[in-house]
Amino acid sequence: MDCREARAQARRRLPRGVFEYIDRGTEAETAMSHNRARFDALRVVPRVLTGGAARDLSADYLGTHRELPFIMAPTAFSGMVRHRGDIALSRAARSLGLPFCVATEGLLSIDEIAAASPAEHWFQIYLWTGEENWRPLLARARDAGVEILVMTIDTPVYPKRTFNQHNGFGLPLRYGPRNIADVLSRPLWAADVLGRALVRGGLPRFAHHPRAAEATITGRDVPPMTHQAGLNWDHVAKVRAAWKGKLLLKGILHPDDARRAVSEGADGVIVSSHGMRNLDISVAPLDMLPALRKALGDKTTLLADSGVQRGSDVFKLLHADADAVLLGRAMLYGLASGGQAGVQAMVDILADELDRTMAMCGCRTLADIRQASVERDYIGK
Ligand SMILES: Cc1cc2nc3c(=O)[nH]c(=O)nc-3n(C[C@H](O)[C@H](O)[C@H](O)COP(=O)(O)O)c2cc1C
């Protein structure tokens, strides 16, 4: 099994609207194809007879030693993939020793998830309009044991995803003949996600919204929470002052922004194009990583994501000098295909693929990956 097969299983299980919400990009989806092409274009020059009998995939970042260089990315709506999907993700993370980043726009709250699963939780924050709306989330996250806050700064406006509107998966969700037929065509999903939610007392809700009790995904009775207009560095300063733990800024691609992030007190940066879901003309994080590492030096944590589907993609991001890699869609395909066990299987698969790639390239550790030779080191020289 690999990520492509898990994706195919997810497609069979999920209503089209939910699958496309997870799977697709934005606008003409050129960022998706570009990002994939950049991964595929990077060719490694393997070394032989140097890999040893076993590889060490462990990574050190943010002051902690971890067995694998993976983090589960924040993904809103995991609860639409499986009933209480965030808890399945968290339990999988716990069993694998990975951090799991809980999303602001999740359908279960950080306190509920932490109570159900003692994993290492990070918390991702979007700043909503009105400080009184987002500030309480920091205290909630802290009380739930979170030490690492991820502030997402790459979504100043809502992206244009016409396919979501066409298939009835815009927000708030609206019922129409198309999405009702879509849901009815996936009875297993409907029984699990909608049926079990209704048995527990109603449609899934946005658990962190100030009026969470009313904030169902159809949003009939509440004004939607809007993201802070004109998000800027003053907002970062406010969050930095209010959060005593470690702070990462997610969604940086320019070296000057990375430098500014560190000068504003961030402990690290997540180099990300938001899974190619926001800006369709975005560069690929893989291409920007070396410049950001040069800007930040070796001491600052640099994480990366967007488009990781294979262990060899992880290899390439590590080679470009990321300390570790966040996994978004891959986890959700695993969640769709097999719940908690499916997520664990997906991580095992990626770890196995990374291990094989390392062996083939003569690398024993992540430090060796960083020293690996790539084609462009030789061409024309
Ligand atoms: C369904 C879905 C929902 C997401 N929701 C959020 C979110 O609420 N906040 C956020 O910072 N990033 C969000 N992301 C982006 C991920 O955190 C991550 O940057 C991205 O998924 C990485 O790319 P990949 O999915 O190709 O691995 C979401 C991604 C997906 C696929």
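Rules used in this analysis
- Residues numbered from 1 in each chain as written.
- Predicted model: local features only at pLDDT ≥ 70, side-chain atom pairs only at ≥ 80, totals over all residues.
- Heavy atoms only, no water.
- UniProt positions renumbered as here; feature names shortened; annotations may be inferred.
- Near = heavy atom within 4 Å.
- Polar contact = N/O pair within 3.5 Å; in protein donor to acceptor, adjacent residues only side chain to side chain.
- Areas by Shrake-Rupley, 256 points an atom, 1.4 Å probe, with all protein chains shown as cover.
- Helix = DSSP H or I, 4+ residues; strand = E, 2+ residues; numbered from the N terminus.
- Nonpolar A, V, L, I, M, F, W, Y, C, P; charged D, E, K, R; others polar.
- Contact = heavy atoms within 4.5 Å.
- Salt bridge = Lys/Arg side-chain N within 4 Å of Asp/Glu carboxyl O.
- Buried < 20%, exposed > 50% of the residue type's maximum accessible area, 1.4 Å probe, protein only.
- Pairing = 2+ DSSP bridges.
- Right-handed = clockwise from strand over helix to strand, strands pointing away.
- Disulfide = S-S within 2.5 Å.
- Expected span 1.5 Å × (residues − 1).
- Arc of directions from axis to C-beta.

Naming follows an unreviewed UniProt entry, where the protein chain appears as FMN hydroxy acid dehydrogenase domain-containing protein of Roseovarius indicus. According to UniProt, the comment filed for the protein chain under the heading Cofactor (unreviewed entry) is "FMN".

**Student:** Explain the site of the ligand to me, please; I cannot follow it from the model alone.
**Tutor:** Surrounding the ligand, one finds 21 residues, the nearest of these being Pro-74, Thr-152, Asp-305, Gly-307 and Arg-329. Between the ligand and the protein, one listed contact pairs an oxygen atom with a backbone N or O atom of Gly-328 at 3.0 Å. Relative to its unbound accessible area of 590 Å², the ligand is 99% covered by the protein chains. Taken together, the elements giving at least two residues each to the shell around the ligand come down to helix 2 (16-23) and helix 14 (329-360). Per-class residue counts for the shell around the ligand are eight nonpolar, nine polar and four charged.

**Student:** Help me understand the side chain of Asp-182, please; the structure alone is not making it clear to me.
**Tutor:** By the secondary structure assignment, Asp-182 is in helix 8 (residues 177-184). Polar side-chain contacts of Asp-182 include one of 2.7 Å to the backbone nitrogen of Arg-16. Those residues in contact with Asp-182 that sit more than four places away from it in its chain are Pro-15, Arg-16 and Gly-17.

**Student:** Got a minute to help me understand the pattern of salt bridges in this structure?
**Tutor:** Using the criterion set out here, one finds 25 salt bridges in the structure. Asp-40 is the partner of Arg-36 in a salt bridge, and the nearest nitrogen-oxygen pair spans 3.0 Å. Taken as a pair, Arg-36 and Asp-40 lie in helix 3 (residues 30-41) at a separation of four residues, close to a single helical turn. The class of Asp-40 is partly exposed, set by a relative accessible area of 29%. Of the charged contacts in the structure, one is a salt bridge between Arg-240 and Asp-267, with a shortest N-O distance of 3.2 Å.

**Student:** Explain the pairing of strand 6 (residues 120-125) here, please?
**Tutor:** Successive side chains on a regular strand alternate, one facing one side of the sheet and the next facing the other. Taking burial as the measure, the six residues of strand 6 include five buried ones, the bulk of the element. Pairing between strand 5 (residues 99-102) and strand 6: four bridges, direction parallel. Following the sheet pairing, Cys-101 is matched in strand 6 by Trp-122. Regarding topology, helix 5 (residues 110-116) serves as the crossover connection from strand 5 to the parallel strand 6, and that connection is right-handed. Relative to strand 7 (residues 148-152), strand 6 is paired through four bridges, and the arrangement is parallel. Among the inter-strand pairings, Trp-122 is bridged to a residue of strand 7, identified as Ile-148.

**Student:** Honestly, the environment of Arg-140 in this entry has me stumped. Any pointers?
**Tutor:** Structurally, Arg-140 is set in helix 6 (residues 131-143). When its relative accessible area of 28% is taken as the criterion, Arg-140 is described as partly exposed. On a C-alpha basis, the gap between Arg-140 and Ser-109 in space is 9.1 Å, while along the polypeptide they are 31 residues apart. Not counting chain neighbours up to four residues away, the residues in contact with Arg-140 comprise Ser-109, Ile-110, Asp-111, Ala-207 and His-208.

**Student:** Just checking my understanding: could you explain the state of the cysteines for this structure?
**Tutor:** Where two cysteines share a covalent bond between their sulfur atoms, that bond is called a disulfide. Tallied over the full model, the rule gives zero disulfides. The structure places no disulfide on Cys-363, whose sulfur is separated from the nearest cysteine sulfur, that of Cys-361, by 5.5 Å. Under the relative-accessibility criterion, Cys-363 is labelled buried at 3%.

**Student:** Is there a simple way to explain the side chain of Ser-109 in this structure?
**Tutor:** Within the secondary structure, Ser-109 is located in the loop between strand 5 and helix 5. By relative accessible area, which is 3% here, Ser-109 ends up buried. Among the polar contacts made by the side chain of Ser-109, one reaches the side chain of Asp-111 at a distance of 2.5 Å. Setting aside its immediate chain neighbours within four residues, Ser-109 contacts Arg-140, Ala-207 and His-208.

**Student:** Explain the UniProt feature "binding site: FMN" (unreviewed entry) in the protein chain to me, please; I cannot follow it from the model alone.
**Tutor:** When the UniProt feature table is mapped onto this chain, "binding site: FMN" (unreviewed entry) is found at Pro-74, Thr-75, Ala-76, Gln-124, Thr-152, Lys-250, Ser-272, Gly-328 and Arg-329. Along the chain, Thr-152 falls in strand 7. Once residues lying within four places of it in the same chain are set aside, the contact partners of Thr-152 are Gln-124, Ile-125, Tyr-126, Leu-231, Lys-250 and His-274. Mapped onto the secondary structure, Lys-250 falls in strand 8 (residues 246-252). When its relative accessible area of 5% is taken as the criterion, Lys-250 is described as buried. Non-local contacts of Lys-250, meaning those with residues more than four positions away in its chain, are made with Pro-74, Val-150, Met-151, Thr-152, Ile-153, Asp-154, Ile-270, Ser-272, His-274 and Asp-305.

**Student:** I keep staring at helix 6 and nothing clicks. Help me out?
**Tutor:** Side chains three or four residues apart in an α-helix point the same way, a direct result of the helix having 3.6 residues per turn. The end-to-end C-alpha distance of helix 6, which contains 13 residues, comes to 19 Å, matching closely the 18 Å that a straight helix rising 1.5 Å per residue would cover. Within the sequence span of helix 6, burial applies to Asn-133, Trp-134, Leu-137, Leu-138 and Ala-141. Looking straight down helix 6, one finds its buried side chains confined to an arc of 140°; they lie on one side. Across from the buried face of helix 6, at angles greater than 90 degrees, the exposed residues are Glu-132, Arg-142 and Asp-143. The elements touched by buried residues of helix 6 are helix 5, strand 6, strand 7 and helix 10 (233-242). Phi turns positive, to about 95°, at Gly-145, one or two residues after helix 6.

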